[in-house]
Protein chains: 2
Amino acid sequence: MENNIELYIEKLGSKAPTPGGGGVAALAGALGAALASMVCNLTIGKPKYAQYENELKAVLESAENLSKKMLALAGEDETAFEPLSRAYSLPTETDEQKAYKEKVMEDSLKIAADVPLRAAKGAFDVIVLMERLATRGSKLVISDVGVGVQMARAALLSASLNVKINTKLMKDRFVADILNDEIEYVVNEGVKLADEVYNTVLEMMK
Amino acid sequence: MENNIELYIEKLGSKAPTPGGGGVAALAGALGAALASMVCNLTIGKPKYAQYENELKAVLESAENLSKKMLALAGEDETAFEPLSRAYSLPTETDEQKAYKEKVMEDSLKIAADVPLRAAKGAFDVIVLMERLATRGSKLVISDVGVGVQMARAALLSASLNVKINTKLMKDRFVADILNDEIEYVVNEGVKLADEVYNTVLEMMK
């Protein structure tokens, strides 16, 4: 994965097969998780929030792990796309070739769907952390809770689209339906919670 | 501004005064705009979309400009925060010092509110480009239109919070109200349009 922000954005905008929307989804989740860390770091140690100290330390640890995990998933998304990209161009002249391509496609689609599914679950976890921080984080950085929850919400919905483009192409509809149901559930619960947290932030900023 | 993605995320999560939510808002907008460029680059030249060729070239040019502008705003947000951060710690022992601090604070707040206001408008422009791409971009990258519009929506709402935290502290309520009305209008129109575009994407992915 390209590590320079400017070059990453340049490559994203180009015709290059990676990075794409799946990587951006995970990256947005990593930014959201980092904002959760920031809010913890700027709250822990303040006498006014001493009662939440232990809870905030636990949130900080989760946020740091999530941020690393989401950034790693942004890279994995690129790696997972490669075998799928290769599978698309396999020959289909003989029946054997067709059967082989179908098998490789199916396996590649499962890998390509798994990365955004994990990114979606990670984004959901960031939203849950933000719910805690909205009422326990320092009010001086309440807007950062709001930004973090919006990043996680965007990451969740973006990741869900990347699950769906892959399940749509699967021949194995049993697996596809399980994955679709799973992502649908995480999206519904996550968006509802994210919007509640955002409204709490707006109220607290008044 | 820190240019390495991993280090940017690390610094974001730390106690350091910058980067913060304002920079993340602009960065999300830059990622959204880059996805608009990508969709254009993967559609232009395809016979199936030849009728949109000129329109897509214009969208590409706007997307490239917006992506650069938003990335620059992520940097500007850090610079704009510095004078405000310094103003907070000015002495207030004498009446002269109090008056001076108030003036410096007021000026710094206007600069600090202006950057996210421009970021919010840029995010709105990205949403407008995505509306065009939802029906004119290659269907092979329709999910990237969906990711792009979610990034722009998150950028818009995140930037709006950063306008509000600054206008809230302004003594000049005339200017504060103008800025608040302006951001409220952009948010309402932008979120409505973003949700419409996202639903169009979902329909097209079925």
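Here the structure is a predicted model, which means the values were calculated and not measured. (Residues numbered from 1 in each chain as written. Chains lettered and ligands numbered in written order. Predicted model: local features only at pLDDT ≥ 70, side-chain atom pairs only at ≥ 80, totals over all residues. Heavy atoms only, no water.)

Here we look at the overall build of chain A
Now for step 1: Each helix and strand in chain A was counted, giving 6 helices and 0 strands.
Now for step 2: Along chain A, from the amino end to the carboxyl end, the secondary structure elements read α-α-α-α-α-α.
Now for step 3: In terms of overall dimensions, chain A has C-alpha extents of about 75 × 35 × 30 Å along its principal axes.
Now for step 4: Within chain A, the proportion of its 206 residues that are buried is 53%.
Now for step 5: Contacts in chain A between residues at least 24 apart in sequence constitute 75% of all its contacts with a sequence separation of at least 6. (Helix = DSSP H or I, 4+ residues; strand = E, 2+ residues; numbered from the N terminus. Buried < 20%, exposed > 50% of the residue type's maximum accessible area, 1.4 Å probe, protein only. Contact = heavy atoms within 4.5 Å.)

With respect to the relation of the copies chain B and chain A
Now for step 1: Superposition record for chain B on chain A: RMSD 0.0 Å, screw rotation 180°, translation along axis 0.0 Å. Seen this way, the second copy is the image of the first under a two-fold rotation axis. Across chain B, the smallest distance between a C-alpha and the rotation axis is recorded for Asn4 of chain B, namely 2.4 Å.
Now for step 2: In this assembly the copies share their binding face: 100% of the residues contributing to the interface of chain B also contribute to that of chain A. (Least-squares fit on C-alpha atoms with pLDDT ≥ 70 in both.)

A closer look at the interface of chain B and chain A
Now for step 1: Listed per partner, the contact involves 52 residues of chain B and 52 residues of chain A.
Now for step 2: Summed over both sides, the interface between chain B and chain A buries roughly 4,200 Å², with carbon and sulfur atoms accounting for 71% of that surface.
Now for step 3: Sorting the residues of chain B by area buried against chain A places Ile5, Leu31 and Leu161 of chain B first, and these three jointly supply 16% of that buried surface.
Now for step 4: The interface formed by chain B and chain A includes 0 salt bridges.
Now for step 5: Our enumeration of links across chain B and chain A arrives at 11 residue pairs in polar contact (both at pLDDT 80 or more).
Now for step 6: The biggest single contributor to the side of chain B that touches chain A is helix α5 (residues 142–168) of chain B, with 17 residues. (Buried area = accessible area lost by both parts, 1.4 Å probe. Salt bridge = Lys/Arg side-chain N within 4 Å of Asp/Glu carboxyl O. Polar contact = N/O pair within 3.5 Å; in protein donor to acceptor, adjacent residues only side chain to side chain.)

Topic: the environment of Glu196 of chain B
Now for step 1: The topology assignment puts Glu196 of chain B in helix α6 (residues 173–205).
Now for step 2: With 65 residues separating them in the primary sequence, Glu196 of chain B and Glu131 of chain B have C-alpha atoms 8.4 Å apart.

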